[in-house]
Amino acid sequence: MNIDFSKSAHGLIPAIIQDSETKTVLMLGYMNEEAYQKTLETKKVTFYSRSKSRLWTKGEESGNFLNLVDIKNDCDKDTLLIKVNPVGPTCHTGSDNCWQESNNQEYGFISKLEKTIKERKENATSDKSYVASLFEKGINKIAQKVGEEAIEVVIEAKDNNDDLFLSESADLLFHYLILLQAKGFQLDDVVSVLKERQK
């Protein structure tokens, strides 16, 4: 990889650290060529510490290493994006990242939908929404709806109407997310099971 360490007066370039799975940005550090080479050799992210004036492997004292997954160079060849598997919290304060945010898996719109479903579950007695009414009716009704939607997906899968198939698939996913909340789980719990099976 052609990295231009000469653009900085001190031969340092920024290294953005990102969790390879959650895509959360964990921290920003600086690397010189020696830190970069050591990172490649040890597979543990090493920076040049400006305050200590030496190489510094993240986790060398705490044990919270950043295990290297991938390195990419930007278009100007002077900034690195380093994807890692973090061991423990990244920030010295004990937070998951240096912006005091949790390093949780996010699924974009699906995570937003899960949050809405959870809020409606918690306010089921006062909320007048369809979701709240399902929670009021209980687990049997919710499970029944998932079964009904699953059958409809199977039926539409055998036909050639893609719009209907996608519509029924959306209904199934929506009701499945409700069922997960009713059982006290989230999609991330299911993803964890799938990850375990992959091993």
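The rules behind each value
Residues numbered from 1 in each chain as written. Predicted model: local features only at pLDDT ≥ 70, side-chain atom pairs only at ≥ 80, totals over all residues. Heavy atoms only, no water. UniProt positions renumbered as here; feature names shortened; annotations may be inferred. Helix = DSSP H or I, 4+ residues; strand = E, 2+ residues; numbered from the N terminus. Pairing = 2+ DSSP bridges. Axes fitted to C-alpha atoms, helices over the stretch in contact; angles between N-to-C directions. Contact = heavy atoms within 4.5 Å. 1 Å grid on protein atoms, 1.4 Å probe; cavity = no way out; pocket = protein on both sides within 12 Å on 5 of 7 lines; lining within 4 Å. Points joined across faces, edges and corners; volume = space filled by probe spheres on them. Nonpolar A, V, L, I, M, F, W, Y, C, P; charged D, E, K, R; others polar. Core = buried A, V, L, I, M, F, W, Y, C linked by side-chain atoms within 4.5 Å. Buried < 20%, exposed > 50% of the residue type's maximum accessible area, 1.4 Å probe, protein only. Patch = residues over 30% accessible without salt bridge, like charges linked within 9 Å, V, L, I, M, F, W, Y side chains within 5 Å. Areas by Shrake-Rupley, 256 points an atom, 1.4 Å probe, with all protein chains shown as cover. Salt bridge = Lys/Arg side-chain N within 4 Å of Asp/Glu carboxyl O.

Draft legend 1. Spotlight on the UniProt feature "domain: Phosphoribosyl-AMP cyclohydrolase" (unreviewed entry) in the protein. According to UniProt, the "domain: Phosphoribosyl-AMP cyclohydrolase" (unreviewed entry) feature falls on residues 27–100. This span, residues 27–100, is 14% helix and 38% strand, and a straight line between its end C-alpha atoms measures 10 Å.

Draft legend 2. Quick peek at the sheet that holds strand β1 (residues 13–19). Read across the sheet, four strands follow the order β2-β1-β6-β5 without closing on themselves; strand pairing throughout is mixed. Two strands bound the open sheet, and with one partner strand each, they are β2 (25–31) and β5 (66–73). Here the strands of the sheet are splayed against their neighbours by 30° on average, with no regard to which way each runs. One ladder, built from seven bridges, connects β5 with strand β6 (residues 80–86); its direction is antiparallel. Residue pairing for β6: Asn67 is matched across the bridge by Asn85. Sitting on the sheet, helix α1 (residues 33–42) is in contact with β2, β5 and β6, with an inclination near 120° to β5.

Draft legend 3. Region of the structure containing the layout of surface pockets. The calculated volume of the largest pocket comes to roughly 430 Å³. Met27, Phe47, Trp56, Lys58 and His92 are the residues nearest the centre of the largest pocket, which is lined by 23 residues in total. For the lining of the largest pocket, the secondary structure elements donating two or more residues are β2 and β3 (46–49). With four residues, β2 is the largest single contributor of residues to the lining of the largest pocket. Of the residues in the lining of the largest pocket, the class split is nine nonpolar, nine polar and five charged. Surrounding the second largest pocket, Asn104, Gln105, Glu106, Tyr107, Ser111, Glu114, Lys115, Gln186 and Asp188 form its lining. Considering each element in turn, the lining of the second largest pocket owes the most residues, three residues, to helix α2 (residues 109–122).

Draft legend 4. A look at the nonpolar core. Ranked by size, the top nonpolar core spans 19 residues in total, and within it Ile17, Met31, Val45, Phe47, Leu66, Leu80 and Ile82 carry the most contacts. Leu134, Leu179, Leu180 and Leu187 belong to the second-largest nonpolar core, a separate cluster that totals 14 residues.

Draft legend 5. Layout of a nonpolar patch on the surface. A cluster of nonpolar side chains, contributed by Val25, Leu28 and Trp99, occupies part of the molecular surface with about 280 Å² of accessible area. Among the structural elements, Val25 can be located in strand β2. Given a relative accessible area of 36%, Val25 falls into the partly exposed group.

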